[in-house]
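Here is what each chain is made of, one letter per residue.
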Amino acid sequence: IFLCPYEACRIRLVSNPDYAPGMAACASKLMSEYGFIGAFYSGFIPILFKQIPYTMAKFAVQGATAEQIYTSLGTDSSSMSKGGNLGVSLSSGVVAGVVAAIISHPADS
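A brief structural summary. These numbers were taken from a predicted model, which means no experiment stands behind them.

## As for the nonpolar core
Formed by Cys-9, Leu-13, Tyr-19, Ala-20, Cys-26, Leu-30, Ala-39 and Phe-40, the largest nonpolar core amounts to eight residues. Element by element, the count of residues in this core is highest for helix H2 (residues 23–40), at four residues. The contact partners of Cys-9, leaving out residues within four places of it in the chain, are Met-23, Cys-26, Ala-27, Leu-30 and Phe-40.

## Describing the environment of Tyr-54
Looking at where Tyr-54 falls in the secondary structure, it is placed in helix H3 (residues 44–73). Separated by 36 residues in sequence, Tyr-54 and Leu-90 place their C-alpha atoms 18 Å apart. Tyr-54 has contacts with Gly-97, Ala-100, Ala-101 and Ser-104, leaving out every residue within four places of it along the chain.

## Quick look at H3
Its 30 residues give H3 an end-to-end C-alpha distance of 43 Å, which sits within 8% of 44 Å, the value for a rise of 1.5 Å per residue. Buried within H3 we find Ala-57, Thr-65, Ala-66 and Tyr-70. Tucked into the core, H3 has its buried residues touching helix H4 (82–104). Looking one or two places after H3, you find Gly-74, whose phi comes out positive at around 70°.

## Some points on the packing of H3 against H4
Relative placement of two packed helices is described by the angle separating their axes and the distance separating the axes. Close contact between H3 and H4 brings their axes to 7 Å; oriented N to C, the two are set at 140°. The orientation of H3 with respect to H4, classified from their angle, is oblique. As H3 runs across H4, the sense of the crossing is right-handed. Considered class by class, the residues forming the contact of H3 with H4 number 14 nonpolar, nine polar and two charged.

## Examining the side chain of Thr-65
Note that Thr-65 resides in helix H3. From its side chain, Thr-65 meets the backbone oxygen of Val-61 in a polar contact 2.7 Å long. Contact partners of Thr-65, with chain neighbours within four places excluded, come to Ser-92 and Val-95.

## A few points about the environment of Phe-44
Turning to its location among the elements, Phe-44 is positioned in helix H3. As a C-alpha pair, Phe-44 and Pro-5 span 39 residues in sequence and 9.7 Å in three-dimensional space. With residues near it in sequence (within four places) discarded, Phe-44 still touches Ile-1 and Cys-4.

Quick notes on the rules
Residues numbered from 1 in each chain as written. Predicted model: local features only at pLDDT ≥ 70, side-chain atom pairs only at ≥ 80, totals over all residues. Heavy atoms only, no water. Core = buried A, V, L, I, M, F, W, Y, C linked by side-chain atoms within 4.5 Å. Buried < 20%, exposed > 50% of the residue type's maximum accessible area, 1.4 Å probe, protein only. Helix = DSSP H or I, 4+ residues; strand = E, 2+ residues; numbered from the N terminus. Contact = heavy atoms within 4.5 Å. Expected span 1.5 Å × (residues − 1). Axes fitted to C-alpha atoms, helices over the stretch in contact; angles between N-to-C directions. Parallel < 35°, antiparallel > 145°, perpendicular 65-115°, else oblique. Left-handed = near helix turned anticlockwise from the far one by under 90°. Nonpolar A, V, L, I, M, F, W, Y, C, P; charged D, E, K, R; others polar. Polar contact = N/O pair within 3.5 Å; in protein donor to acceptor, adjacent residues only side chain to side chain.

No statement about biological role is implied by the geometric values presented.
In structure tokens:
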């Protein structure tokens, strides 16, 4: 929600670099042309169509991956060291991030 104005300006400047000299000028120009809601939040619903599947996939895959790692190690999180748990969390997070990015990619174009 808080990044929508930034994204609106960024996308406008990427698609039309001559639109404004910078982010602040772009925000001012967008607001004067479209109003606050039209300028900054007209893309909110499309952003949700990308973020919701990404977030759901990331949480589901990270949990399942962490469980698989613990199972393959023959242990659980309560009997591992803090460093071991950190390694499992980081590894499962990397896998989850890649899978979630692949799943949400069609909504990113």
